[in-house]
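Chain by chain, the residues:
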Amino acid sequence: MKKIKSLLFAVALMVIAFSAMSCNKTKTTSDGIEYTYIREGSQAPKNGEFVLYHLIVKTDKDSTFISTYDQSMPAYLQFNDSIPRKTGMDEIFLSLKKGDSIAFEATAKKIFAENVPFFLKDDQKVKVRIGVIDVLDYQGVEAYFNALQEAEMKRQAEGAVKQLEIDTQIIQDYIAEKNINAIRTESGLYYVIESAGSGPQIEQGDLAFVHYAGYLLDGTLFDTSIKSLAMEKGVYNEQRDNYDGYAPLEVRVGMGQVIKGWDEGLALLKKGDKAKFIIPSPLAYGDRNAGGPIQPNSILIFDVEVTDVQK
C-alpha cells in the first residue's frame, strides 16, 4: 500500500508539473493569425543563433502534407532581429523560443503567401503545429546534426543486418525453386557467370560498359539498356531512345556510381562475361523507395553483359 501511495504521489506531481508548463495562452499576429501556446518556452535566440524545431502542417481534413518527423531531422532557422516581419508567419517564427509548442489554423494564403501548394485553395484552412527543440550556436547545431547523422547511420546498419538475414532466406528459396547454381559472396551478393568472356578482368577504377536488365523477384522488368527487350516487355521509352539511352551503361567500377551490389558484382567479371546478380536489398536501395516498382527492401535481379572494359 505504501508503494501505491508513493506512486500516486509521483503521478500527481507529474500532472502538476505538466499543468505548470502548459499555458494555452493565445496571441494574434498583425494579419490576424491567432496562435496558441500549448507550452511556452523562455530562452529566446540571440543574433546568429539557430532555432531548431519540428513542424507538422495539415489540411483542414487532417491530412498531413509537411512533417519534419518523416525526415527524422528537425528544421532550423538562423535568428537575426534585423529580419523584417512582413507577415504573421514571420512574426511567429521570429518569436520562437526554446521549449515553445504552438498550434494555429489559418488560410493557405496567409501561411504560404505567394507559394500556396497546388492542391490547396487560397481560402482553405491549414493546421500548423510547431515544437521548438533547442536554441543553439553554430557549433551546437553542427554537433547536434552530426549526432543525428551518426545515430541514423547506426540505425541503418543495424537494420541492414536484420534485413540481410531476411533477404538471404528469400533468395535461397528463390534459387532453389528456380534451380539456379549461384555463388554467395561474404557480403550477401549472389551471382552466376552464365557465359564466360575472354577479355581482361575488371579492376577498381576501370570503366566497364554494361548491358543490363533489372527485375524484381516476381519477374517484373523495371529497367533495361536493351531496346528490343524494353519494347517486348512494354517499357520502351522513346525519349530515352532519342539520347541513345539504349546503349551499354558506362560504370567506373568501385567508385560508388552504382549500387553496392553492382560495384561488387562487376569486380568479379571480365570483358565478355554474361552474368546474373541477385542482390539483397541492403546492397541495393535498402529501406528507401527507389521509385516505380522498386519498393523499400526490394531484392533485385540483374542480367548483365560486359561489352567492353577500359583500363
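Above this text sits the structure in question.
Criteria and thresholds
Residues numbered from 1 in each chain as written. Predicted model: local features only at pLDDT ≥ 70, side-chain atom pairs only at ≥ 80, totals over all residues. Heavy atoms only, no water. Phe/Tyr/Trp six-rings, centres within 6.5 Å; stacked < 30°, edge-to-face > 60°. Helix = DSSP H or I, 4+ residues; strand = E, 2+ residues; numbered from the N terminus. Buried < 20%, exposed > 50% of the residue type's maximum accessible area, 1.4 Å probe, protein only. Lys NZ or Arg CZ within 6 Å of the ring centre and 35° of its normal. Contact = heavy atoms within 4.5 Å. Salt bridge = Lys/Arg side-chain N within 4 Å of Asp/Glu carboxyl O. Pairing = 2+ DSSP bridges. Expected span 1.5 Å × (residues − 1). 1 Å grid on protein atoms, 1.4 Å probe; cavity = no way out; pocket = protein on both sides within 12 Å on 5 of 7 lines; lining within 4 Å. Points joined across faces, edges and corners; volume = space filled by probe spheres on them. Nonpolar A, V, L, I, M, F, W, Y, C, P; charged D, E, K, R; others polar.

### Overview of the packing of aromatic side chains
Note on aromatic pairs: each is described by the distance of the centres and the angle between the planes.
Part 1 of the argument: Counted under the stated rule, the structure contains 13 aromatic pairs.
Part 2 of the argument: Between Phe-222 and Phe-302 the ring centres are 5.6 Å apart and the planes differ by 90°, which places this aromatic pair in the edge-to-face class. In this pair, Phe-222 is assigned in strand E11 (residues 221-224) and Phe-302 in strand E14 (residues 300-310), connecting sequence segments 80 residues apart. The exposure classification of Phe-222 matches that of Phe-302, with both residues buried.
Part 3 of the argument: Following the ring pairs from residue to residue traces out a cluster consisting of Phe-50, Tyr-76, Tyr-138, Tyr-144 and Phe-145.
Part 4 of the argument: Just above the ring of Tyr-37 sits the side chain of Lys-25; from NZ or CZ to the centre is 5.6 Å.
Part 5 of the argument: A cation over a ring is seen here: Arg-240 above Tyr-246, with NZ or CZ 4.7 Å from the ring centre.

### Side note on the environment of Leu-55
Part 1 of the argument: Of note, Leu-55 is situated in strand E3 (residues 50-59).
Part 2 of the argument: Judged by relative accessible area, Leu-55 falls into the buried class, the value being 14%.
Part 3 of the argument: Dropping the residues within four chain positions of it, Leu-55 is found in contact with Ile-66, Ser-67, Thr-68, Val-128, Arg-129 and Ile-130.

### Notes on the pattern of salt bridges
Part 1 of the argument: Counted under the stated rule, the structure contains 16 salt bridges.
Part 2 of the argument: The shortest N-O distance in the salt bridge between Asp-206 and Lys-311 comes to 2.7 Å. A residue pair is termed long-range when its members are at least 10 positions apart, and Asp-206 in the loop between strand E9 (190-195) and strand E10 (207-216) and Lys-311 in the segment after E14 qualify at 105 residues.
Part 3 of the argument: Ionic pairing is found between Asp-223 and Arg-240, a salt bridge with its closest N-O pair at 2.7 Å. Here Arg-240 lies in helix H6 (residues 238-242) and Asp-223 lies in strand E11, a separation of 17 residues in the sequence.
Part 4 of the argument: Judged by relative accessible area, which is 15%, Arg-240 ranks as buried.
Part 5 of the argument: Among the charged side chains, a network of salt bridges with common partners joins Lys-25, Glu-40, Lys-97 and Asp-100.

### Notes on the pairing of E14
Part 1 of the argument: Here E10 runs beside E14; their pairing, made up of 10 bridges, is antiparallel. Directly across from Leu-216, in E14, lies its bridge partner Leu-300.
Part 2 of the argument: Sheet topology note: the strand E13 (residues 274-279)/E14 ladder contains six bridges and is antiparallel. Note on E14: the bridge partner recorded for Ala-275 is Val-304.

### What to know about helix H4 (residues 138-178)
Part 1 of the argument: Taking 1.5 Å of rise per residue, the 41 residues of H4 would be expected to cover 60 Å, and the 57 Å separating its terminal C-alpha atoms lies within 8% of that figure.
Part 2 of the argument: Residues Gly-140, Val-141, Phe-145, Gln-163, Leu-164, Asp-167, Thr-168, Ile-171, Tyr-174 and Ile-175 constitute the buried set of H4.
Part 3 of the argument: Just downstream of H4 lies Asn-179, where phi reads positive at about 55°.

### Side note on the layout of surface pockets
Part 1 of the argument: Counted as a void, the largest pocket has a volume near 480 Å³.
Part 2 of the argument: Along the walls of the largest pocket sit 18 residues, with Gln-156, Ala-160, Pro-282, Gly-286 and Asp-287 positioned nearest its centre.
Part 3 of the argument: For the lining of the largest pocket, the class distribution of residues is eight nonpolar, six polar and four charged.
Part 4 of the argument: Space inside the second largest pocket adds up to approximately 190 Å³.
Part 5 of the argument: Around the second largest pocket, the lining residues are Tyr-212, Phe-222, Asp-223, Leu-249, Val-258, Ile-259, Trp-262, Tyr-285, Ile-294 and Phe-302.
Part 6 of the argument: Among the residues forming the lining of the second largest pocket, the class breakdown is nine nonpolar, no polar and one charged.

### Quick notes on the pairing of E13
One face of the sheet, then the other: side chains in a regular strand alternate in exactly this way.
Part 1 of the argument: With five of six residues buried, E13 lies mostly within the body of the structure.
Part 2 of the argument: Where E9 meets E13, five bridges bridge the pair, whose relative direction is antiparallel. Counted as the bridge partner of Ser-195 is Lys-274 from E13.

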